Amino acid sequence: MKNRSTYITSSSIGLLLCGLLVFLFLSKKSDAYTDLAQLNCHCPPGFKLNEDNKCISQNLYLQYDSPNNVGVGGLQTGLPKVRDGFTPQEIDLGRYLFFDPVLSLDGSMSCATCHIPAKGFSDGLPTSIGNNNLKLDRGAPSLWNVAYLSRLFWDGRANSLEEQLEGSLFSEEEMANSPENLLKTLNDIENYRHLFAEAYPERGKKDDIKLTEISRALSAFQTSLISLNSRYDHYVHGYHEALNPQEIEGMNVFRSFVARCAECHTPPLFTNQQFAVIGTPEPDGLPLDPGAEITFNDKTMRGAFKVPSLRNIENTGPYMHSGKFETLRETVEFYTKGRGHAVPEGEDLRIHWHIWEPNLSDYELDRLVDFLKTLTDESFMPKIPDALPSGLKSSI
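Owing to the predicted nature of the structure, the values given are computational and were not obtained by experimental measurement. Sequence order as written defines the numbering, with residues in each chain counted from 1. The predicted origin of the model limits local features to residues at a pLDDT of at least 70 and limits the giving and counting of side-chain atom pairs to 80 or more, whereas totals for whole chains, interfaces and linings rest on all residues. Computation of side-chain values covers all heavy atoms of the structure but excludes hydrogens and water.

1. Looking at the overall build of the chain
Item 1. By the criteria applied, helices consist of DSSP H or I runs no shorter than four residues and strands consist of E runs no shorter than two, each listed in order from the N terminus. In terms of helices and strands, the chain carries 13 helices and four strands.
Item 2. Partly exposed residues are those whose accessible area sits between 20% and 50% of the maximum for their type, while under 20% is buried and over 50% is exposed, using a 1.4 Å probe and protein chains only. Put simply, the chain has 396 residues, and 50% of those count as buried.
Item 3. The contact criterion used is simple: two residues touch if any of their non-hydrogen atoms lie within 4.5 Å. The long-range share in the chain, meaning contacts at least 24 apart out of those at least 6 apart in sequence, stands at 68%.
Item 4. Total accessible area computed for the chain in this model is approximately 19100 Å², and 53% of it derives from carbon and sulfur atoms. Residue burial considers only the protein chains on display, and all accessible areas are found by Shrake-Rupley using a 1.4 Å probe.

2. Quick word on the state of the cysteines
Item 1. Cysteine sulfur atoms that pair up within 2.5 Å are treated as a disulfide. Tallying each qualifying case throughout the model produces one disulfide.
Item 2. Across the disulfide, Cys43 is cross-linked to Cys55 (sulfur-sulfur distance 2.2 Å). With the S-S bond torsion at -95°, the cross-link from Cys43 to Cys55 turns out left-handed. Here the residue Cys43 occupies a position in the loop between α1 (2–27) and β1 (47–49), and Cys55 occupies one in strand β2 (residues 55–57), the gap between them amounting to 12 residues.
Item 3. Look at Cys43 and you get buried, because its relative accessible area is 18%.
Item 4. Cys261 carries a free sulfur, and the closest cysteine sulfur to it, the one in Cys264, is 9.3 Å from it.

3. Topic: the confidence of the model for the chain
Any region with low pLDDT has predicted coordinates that should not be read closely.
Item 1. Overall, the predicted model of the chain reaches an average pLDDT of 90, with 89% of residues at or above 70.
Item 2. Here residues 1–13 is a poorly scored stretch, pLDDT under 50, and it has two contacts once near neighbours within four places are set aside; other chains count. Scored from 0 to 100, pLDDT reflects the predictor's confidence in each residue.

4. So, the pattern of salt bridges
Item 1. Definition used for salt bridges: Asp or Glu carboxyl oxygen within 4 Å of a side-chain nitrogen of Lys or Arg. Inspection of every chain in the model, using the stated rule, returns 19 salt bridges.
Item 2. Here Glu162 ties to Arg83 by a salt bridge, and the two come within 2.7 Å at their closest N and O atoms. Taken as a pair, Glu162 in helix α4 (residues 161–169) and Arg83 in the loop between β2 and α2 (88–99) lie far apart in primary sequence, 79 residues in all.
Item 3. For Glu162, a relative accessible area of 17% translates into the label buried.
Item 4. Judged by its relative accessible area of 29%, Arg83 falls in the partly exposed class.
Item 5. Arg95 serves as the salt-bridge partner of Asp92, at 2.7 Å between the closest nitrogen and oxygen. Placement of the pair is Asp92 and Arg95 together in helix α2, with a separation of three residues, close to one helical turn.

5. Details of the packing of aromatic side chains
Item 1. In this analysis, rings of Phe, Tyr and Trp, with Trp reduced to its six-membered ring, are considered paired at centre separations within 6.5 Å, and the interplanar angle assigns stacked below 30 degrees, edge-to-face beyond 60, and tilted for intermediate values. For the structure on display, the rule yields 17 aromatic pairs.
Item 2. Seen from their ring centres, Phe98 and Phe99 are 5.2 Å apart, and the 75° between their planes marks the pair as edge-to-face. Pair check on accessibility: Phe98 and Phe99 agree, each one buried.
Item 3. Each residue in the set Phe98, Phe99, Phe121, Trp144 and Phe221 is aromatic and connected to the rest through ring pairs, giving one cluster.
Item 4. Remark: a charge is flagged as sitting over a ring if the NZ atom of Lys or the CZ atom of Arg is within 6 Å of the ring centre and within 35 degrees of the ring normal. In this structure, Arg260 is placed above the aromatic ring of Phe257, and the distance from its NZ or CZ to the ring centre is 3.9 Å.
Item 5. Stacked on the ring of Trp356, the Lys or Arg Arg260 has its end atom at 5.3 Å from the ring centre.

6. Here we look at the nonpolar core
Item 1. In terms of nonpolar packing, the biggest core is built from 38 residues, with Tyr232, Phe254, Leu368, Phe371 and Leu372 touching the most fellow members.
Item 2. For this core, the elements supplying multiple residues, two or more each, are α8 (231–236), α9 (245–255), α10 (261–264), α12 (328–334) and α13 (362–372).
Item 3. What Tyr232 contacts, discounting residues up to four positions off in sequence, is Tyr61, Leu75, Leu243, Met251, Pro267, Phe270, Arg311, Phe371, Thr374 and Leu375.
Item 4. Residues Leu93, Phe98, Met175 and Ala217 belong to the second largest nonpolar core, which totals 36 residues. Nonpolar cores are built from buried Ala, Val, Leu, Ile, Met, Phe, Trp, Tyr and Cys residues. Side-chain atoms within 4.5 Å join them into one set.

7. Considering the packing of α9 against α13
Item 1. For helices, the fitted axis covers only the stretch in contact; all axes are lines through C-alpha atoms, and the angles between them, taken along N-to-C directions, range from 0 to 180 degrees. Between α9 and α13, whose axes approach to 7 Å, the crossing angle comes to 100°. Comparing their axes, α13 and α9 come out roughly perpendicular. From α9, Gln246, Glu247, Glu249, Gly250, Met251, Val253 and Phe254 reach across to α13, where they touch Tyr363, Glu364, Arg367, Leu368, Asp370, Phe371 and Leu372.
Item 2. Among the residues making up the contact of α9 with α13, the classes are represented as seven nonpolar, two polar and five charged. In what follows, roughly perpendicular refers to angles from 65 to 115 degrees, roughly parallel to angles under 35, roughly antiparallel to angles over 145, and oblique to any angle outside these ranges. Each residue is assigned to one of three groups, with Ala, Val, Leu, Ile, Met, Phe, Trp, Tyr, Cys and Pro labelled nonpolar, Asp, Glu, Lys and Arg labelled charged, and all others, Gly among them, labelled polar.

Have a look at this one:
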């Protein structure tokens, strides 16, 4: 009874605080403010609001341990450390920012231009399109479960979500903005001044929007993109009818010492967060992408890329850093064609030791694809705003 009373008291305090924030916000609206829905006072699905108005991640994997955080254990294995603890208001403000093209220099691109919800928070292109329709060198990675990732971008050049998003916002090839212009733009929009004041009530209501607040709100939204409720997860948590016999066969191939898929795409996140040289071919006519060699200034990492999570992989094609393979079937077949078979002439790459010649049959490859499709889960898909604070139309 004590725990239940504490929970009720905490929830009541949270609701009272939420109501107070909305009341204060409404009472201070200026004539220039165009009505938008107030920032959400409730956590997104998969999170629980604590007594400090912070959203704390909740999932069934919290009941499992991951000894030393290494290796491939049983199916009931714990997740890496998650980044959580943002307020509902920060997360919701980040949602508006994520979909608003006002963040780009010319107002034509938003974060969602390259990270489209319906396409697994990727963009469905072999390589993304940047500022002025510039064709970029790599595809857009999915954002599902980025709250668990320690390095971002294919080459791992960002150590935090803030660093990652500022890299895209202020890249001449991508959103092409500058810190100074972004701050001036948002501070000139009365809607955003009100929303930032609501999300960060500890500062003065008339204070200018700060770059750290923009980065934090965008990061908060991205950490809410959780996908851990697939049919595979149902199977892990004890409902074995969630997978059919062919999908279970595929899972066994995936986890086998012959195929070794799980060594790098380690469940339950389906990545070990390491970098691997696998010798994937580049699109026709393009030179080898050095990948993480540049980030780490390490020649042994030439052609290395971050091992991506396979969550929602069914929706994030085409595949590999350059979108070389159109289908999952082509992608899994690459791994059974022989070690280094696609390495360009003249390149001496340090191919990862797990890349060898498993000689998987067509049947086993088909079952692998069946299994990968069981990792699809978009049940916590966020809502695209009906209207944006800038007044611009969404770019997706």
